[in-house]
Amino acid sequence: MSQLQGILTRLKNLQEQSTSGEPAQRYFEVNGERKCQVTFHPKTETFELEIYNEKEKPKRYQFDNIDMITIEIFDLIQ
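Model, not experiment: these values are computed from the prediction.

A. Expanded view of the packing of aromatic side chains. Scanning the model with the defined rule gives 1 aromatic pair in all. Centroid distance Phe40 to Phe47: 4.8 Å. Interplanar angle 50°. Geometry classified as tilted. Taken as a pair, Phe40 and Phe47 share a single burial class, namely buried. Lying over the aromatic face of Phe28, Arg10 brings its terminal NZ or CZ to 4.2 Å of the ring centre. When the ring centre of Tyr27 is taken as reference, the NZ or CZ atom of Arg34 above it lies at 3.6 Å.

Next comes the structure, spelled out in C-alpha coordinates:
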(Lines give C-alpha, C1' and ligand atoms only; values in the text may rest on other atoms or scores of the structure.)
Protein backbone atom coordinates (compact mmCIF):
# COMPACT_ATOMS: atom_id res chain seq x y z
CA MET A 1 0.00 0.00 0.00
CA SER A 2 1.32 3.43 -0.87
CA GLN A 3 1.80 6.03 1.83
CA LEU A 4 -0.93 8.18 0.26
CA GLN A 5 -3.41 5.29 0.39
CA GLY A 6 -2.45 4.62 4.01
CA ILE A 7 -3.23 8.22 4.98
CA LEU A 8 -6.57 8.09 3.17
CA THR A 9 -7.48 4.83 4.94
CA ARG A 10 -6.67 6.33 8.35
CA LEU A 11 -8.84 9.38 7.61
CA LYS A 12 -11.76 7.21 6.49
CA ASN A 13 -11.43 5.19 9.71
CA LEU A 14 -11.48 8.47 11.62
CA GLN A 15 -14.80 9.36 9.98
CA GLU A 16 -16.25 5.97 10.91
CA GLN A 17 -15.11 6.29 14.55
CA SER A 18 -17.00 9.54 15.05
CA THR A 19 -20.49 8.08 14.55
CA SER A 20 -21.42 8.95 18.14
CA GLY A 21 -21.40 12.65 17.23
CA GLU A 22 -18.19 13.37 19.13
CA PRO A 23 -15.11 14.58 17.25
CA ALA A 24 -12.46 11.90 16.65
CA GLN A 25 -8.70 12.60 16.60
CA ARG A 26 -5.64 11.01 15.10
CA TYR A 27 -1.94 11.91 15.12
CA PHE A 28 0.56 11.55 12.31
CA GLU A 29 4.22 11.08 13.25
CA VAL A 30 7.58 10.72 11.51
CA ASN A 31 10.29 8.85 13.42
CA GLY A 32 8.40 9.34 16.68
CA GLU A 33 7.97 13.10 16.19
CA ARG A 34 4.40 14.38 15.94
CA LYS A 35 3.92 16.35 12.76
CA CYS A 36 0.19 16.99 12.94
CA GLN A 37 -3.13 16.10 14.48
CA VAL A 38 -6.35 15.61 12.56
CA THR A 39 -9.77 16.03 14.14
CA PHE A 40 -12.94 15.04 12.30
CA HIS A 41 -16.05 16.96 13.32
CA PRO A 42 -19.08 14.84 12.38
CA LYS A 43 -21.66 17.59 12.89
CA THR A 44 -20.10 19.77 10.18
CA GLU A 45 -18.40 16.87 8.34
CA THR A 46 -15.12 18.78 8.30
CA PHE A 47 -11.54 17.94 9.14
CA GLU A 48 -9.31 20.19 11.22
CA LEU A 49 -5.57 19.86 10.62
CA GLU A 50 -3.28 21.12 13.38
CA ILE A 51 0.34 21.36 12.23
CA TYR A 52 3.14 21.28 14.79
CA ASN A 53 6.32 23.26 14.09
CA GLU A 54 9.29 23.66 16.38
CA LYS A 55 9.33 26.94 18.32
CA GLU A 56 6.00 28.05 16.81
CA LYS A 57 2.40 27.83 17.89
CA PRO A 58 0.47 25.08 16.11
CA LYS A 59 -1.37 26.22 12.99
CA ARG A 60 -4.91 25.04 12.28
CA TYR A 61 -6.61 24.57 8.93
CA GLN A 62 -10.13 23.42 8.04
CA PHE A 63 -10.89 21.00 5.19
CA ASP A 64 -14.21 19.75 3.88
CA ASN A 65 -12.60 17.46 1.29
CA ILE A 66 -10.87 14.24 2.38
CA ASP A 67 -8.62 14.23 -0.70
CA MET A 68 -7.25 17.71 -0.01
CA ILE A 69 -6.35 16.96 3.61
CA THR A 70 -4.77 13.65 2.52
CA ILE A 71 -2.44 15.50 0.14
CA GLU A 72 -1.61 18.10 2.80
CA ILE A 73 -0.69 15.39 5.34
CA PHE A 74 1.34 13.53 2.71
CA ASP A 75 3.36 16.70 2.01
CA LEU A 76 3.92 17.24 5.76
CA ILE A 77 5.35 13.80 6.44
CA GLN A 78 7.61 13.63 3.40
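B. Geometry of the environment of Asn65. Note on placement: Asn65 falls in the loop between strand 4 (59–63) and helix 2 (66–77). C-alpha separation for the pair Asn65 and Glu45, spaced 20 residues apart in sequence, amounts to 9.1 Å. At a separation of 3.1 Å, a polar atom in the side chain of Asn65 contacts the main-chain amide nitrogen of Met68.

C. View of helix 1 (residues 3–17). The first and last C-alpha atoms of helix 1 sit 21 Å apart over 15 residues, in line with the 21 Å expected at 1.5 Å per residue. Turning to helix 1, its buried residues are Gly6, Ile7, Leu8, Leu11 and Leu14. Looking at the buried residues of helix 1, the elements they touch are strand 1 (24–30), strand 2 (33–41), strand 3 (46–51) and helix 2.

D. The sheet that holds strand 4, seen in detail. The 4 strands are arranged 1-2-3-4 in an open sheet whose pairing can be described as antiparallel. The sheet is open, and its two edges are formed by strand 1 and strand 4, each paired on a single side. Within the sheet, the average angular offset between the axes of one strand and its neighbour, ignoring direction, is 20°. One ladder, built from 5 bridges, connects strand 3 with strand 4; its direction is antiparallel. The partner of Glu48 across the bridge, within strand 4, is Gln62. Contacts between helix 1 and the sheet are confined to strand 1, strand 2 and strand 3, with strand 1 contributing the most and set at about 160° to the helix. Sheet strands touched by helix 2: strand 1, strand 2, strand 3 and strand 4. Its angle to strand 3, the strand with the most contacts, is close to 15°.

Rules and cut-offs
- Residues numbered from 1 in each chain as written.
- Predicted model: local features only at pLDDT ≥ 70, side-chain atom pairs only at ≥ 80, totals over all residues.
- Heavy atoms only, no water.
- Phe/Tyr/Trp six-rings, centres within 6.5 Å; stacked < 30°, edge-to-face > 60°.
- Buried < 20%, exposed > 50% of the residue type's maximum accessible area, 1.4 Å probe, protein only.
- Lys NZ or Arg CZ within 6 Å of the ring centre and 35° of its normal.
- Helix = DSSP H or I, 4+ residues; strand = E, 2+ residues; numbered from the N terminus.
- Polar contact = N/O pair within 3.5 Å; in protein donor to acceptor, adjacent residues only side chain to side chain.
- Expected span 1.5 Å × (residues − 1).
- Contact = heavy atoms within 4.5 Å.
- Pairing = 2+ DSSP bridges.
- Axes fitted to C-alpha atoms, helices over the stretch in contact; angles between N-to-C directions.

Everything listed is a geometric property; what it means functionally is a separate question.
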